[in-house]
Amino acid sequence: MKAIEQYLIEVSLKREQVPSFDEYPFCLDAVRNLSKIKLHPKVTFLVGENGTGKSTLLEAIAISLGFNPEGGTRNFCFNTYKAHSALHDYIRLSRGVKRPQDGFFLRAESFFNLASEIQRLDAEPSFGPPIIDAYGGKSLHEQSHGESFMALLLNRFGGKGLYILDEPEAALSPTRQMAMISRVHQLVQAKSQFIIATHSPLILSYPYARIYQLEEGGINSIGYKETDHYQLTRDFLNRPEKMLEILLDMSSGELTD
Ligand SMILES: Nc1ncnc2c1ncn2[C@@H]1O[C@H](COP(=O)(O)OP(=O)(O)OP(=O)(O)O)[C@@H](O)[C@H]1O
Ligand SMILES: [Mg+2]
């Protein structure tokens, strides 16, 4: 998708309205130092250590766009556990001229709830085709985690969409992660835009993308090969014996068997 056609251009924090930078979610380094993030017209990745605020930020963007915080399309309005932060009230989205015709917010954590919601809605009398048809026709509960996620990606994501994915790799084998890269590229060519939080050095390799690393000091744009994900995985796979020696040595004596 050309920059001029992108759906979401920029996310900024309404800093002047933040009540206190001492409280969650504003106390997170990534939020405290946030002024604005320019999104890539095709794929924007958020990376960073556990707890740096990727999900918090992704969720705020998704809620601002009108998605259900639990995940899903904009049509789902179920709520099993209210755990989202108030960050969405304090961010400003700069949108493009064109509106997406499709969209999805995937939280790996609540994929199970989404599958249950589809089953519940389909059990109710309706004149329309079953919702599950759009997800490959087979209950997402009757497919493995990875199978159901691939079904979603292949059948439900239709292009001209804005897709927000939180750790999509959670369900996927390395082979399927590579298949996912191909599917993302197909959808990008069909005028889609993605924002993806990931720990996967495979998925992160997608080249038509910008990577933002959430770290102490804020959110910084970084090259693929500069990421910890790439460097650590490379070092590990190049010399697994050496790395294991170090790791096992570090923990020796902590456990007795
Ligand atoms: N409701 C909450 N109240 C207070 N702190 C919270 C709340 N929800 C999350 N946090 C904290 O905010 C921080 C950021 O959480 P978040 O889930 O956004 O991290 P993340 O970058 O997505 O991590 P991961 O890679 O493990 O998914 C964490 O330290 C977490 O404990
Ligand atoms: Mg997370």
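Let us look at the structure shown here.

Criteria and thresholds
- Residues numbered from 1 in each chain as written.
- Chains lettered and ligands numbered in written order.
- Predicted model: local features only at pLDDT ≥ 70, side-chain atom pairs only at ≥ 80, totals over all residues.
- Heavy atoms only, no water.
- Pairing = 2+ DSSP bridges.
- Helix = DSSP H or I, 4+ residues; strand = E, 2+ residues; numbered from the N terminus.
- Axes fitted to C-alpha atoms, helices over the stretch in contact; angles between N-to-C directions.
- Buried < 20%, exposed > 50% of the residue type's maximum accessible area, 1.4 Å probe, protein only.
- Patch = residues over 30% accessible without salt bridge, like charges linked within 9 Å, V, L, I, M, F, W, Y side chains within 5 Å.
- Areas by Shrake-Rupley, 256 points an atom, 1.4 Å probe, with all protein chains shown as cover.
- Salt bridge = Lys/Arg side-chain N within 4 Å of Asp/Glu carboxyl O.
- Parallel < 35°, antiparallel > 145°, perpendicular 65-115°, else oblique.
- Left-handed = near helix turned anticlockwise from the far one by under 90°.
- Contact = heavy atoms within 4.5 Å.
- Core = buried A, V, L, I, M, F, W, Y, C linked by side-chain atoms within 4.5 Å.
- Near = heavy atom within 4 Å.
- Polar contact = N/O pair within 3.5 Å; in protein donor to acceptor, adjacent residues only side chain to side chain.
- Nonpolar A, V, L, I, M, F, W, Y, C, P; charged D, E, K, R; others polar.

1. Examining the sheet that holds strand S7 (residues 193-197)
Pairing in this open sheet of 6 strands is mixed, and the strands run S5-S6-S7-S3-S8-S9 from one edge to the other. Here the strands that pair on one side only, and so sit at the sheet edges, are strand S5 (102-107) and strand S9 (218-222). This sheet shows a mean twist of 15 degrees between the axes of neighbouring strands, independent of strand direction. As defined by bridge partners, S5 adjoins strand S6 (residues 161-166) across 6 bridges and the pair is classed as parallel. Its bridge partner being in S6, Arg107 is matched across the sheet by Asp166.

2. Side note on helix H2 (residues 54-64)
The element H2 is extensively covered by neighbouring structure, given that 9 of its 11 residues are classed as buried. Within H2, the full set of buried residues consists of Lys54, Thr56, Leu57, Leu58, Glu59, Ala60, Ile61, Ala62 and Ile63. Residue Gly66 follows H2 closely and has a positive phi angle near 100 degrees.

3. Observations concerning a nonpolar patch on the surface
Taken together, the side chains of Leu244, Ile246, Leu247, Leu248 and Met250 make up a nonpolar region of the molecular surface, amounting to roughly 490 Å² of accessible area. What makes Met250 exposed here is its relative accessible area of 61%.

4. Comments concerning the packing of helix H4 (residues 145-156) against helix H5 (residues 174-189)
H5 packs onto H4 with a crossing angle of 15 degrees between their chain directions and a minimal axis gap of 10 Å. Taken together, the axis directions place H4 and H5 in an arrangement best described as roughly parallel. Viewed along their axes, H4 and H5 form a crossing whose handedness is left-handed. Judged by residue contacts, Gly146, Glu147, Phe149, Met150, Leu153 and Leu154 of H4 engage Arg176, Ala179, Met180, Arg183 and Leu187 from H5.

5. Considering the nonpolar core
Among the nonpolar cores identified, the biggest contains 33 residues, and Ile61 and Ile164 are the most heavily contacted of them. Among the secondary structure elements, those contributing two or more residues to this core are strand S1 (8-13), helix H1 (29-32), H2, strand S4 (91-95), S6, S7 and strand S8 (209-215). If one sorts the elements of this core by residue count, H2 sits on top with 5 residues. In this structure, Ile61 is in contact with Leu8, Val11, Ile91, Leu93, Ile164 and Ile195, ignoring residues within four places of it in sequence. Ranked by size, the runner-up nonpolar core spans 25 residues in total, among them Phe45, Phe149, Tyr163 and Leu204.

6. A closer look at the pairing of S8
When strand S3 (residues 43-48) meets S8, the two strands line up parallel, connected through 6 bridges. If you follow Leu46 over to S8, its bridge partner there is Tyr212. Pairing analysis gives 5 bridges linking S8 to S9, with the strands arranged antiparallel. Counted as the bridge partner of Tyr212 is Ser221 from S9.

7. With respect to the site of ligand 1
In the region of ligand 1, the neighbouring residues are Tyr24, Leu28, Glu49, Asn50, Gly51, Thr52, Gly53, Lys54, Ser55, Thr56, Glu167 and His199. Between an oxygen atom of ligand 1 and a main-chain N or O atom of Thr52, the distance comes to 3.2 Å. Backbone polar atom of Gly53 to an oxygen atom of ligand 1: 2.9 Å apart, as the coordinates give it. Coverage of ligand 1 by the protein chains reaches 57% of its 640 Å² of free accessible surface. Residue composition of the shell around ligand 1, grouped by class: 2 nonpolar, 7 polar and 3 charged.

Everything listed is a geometric property; what it means functionally is a separate question.
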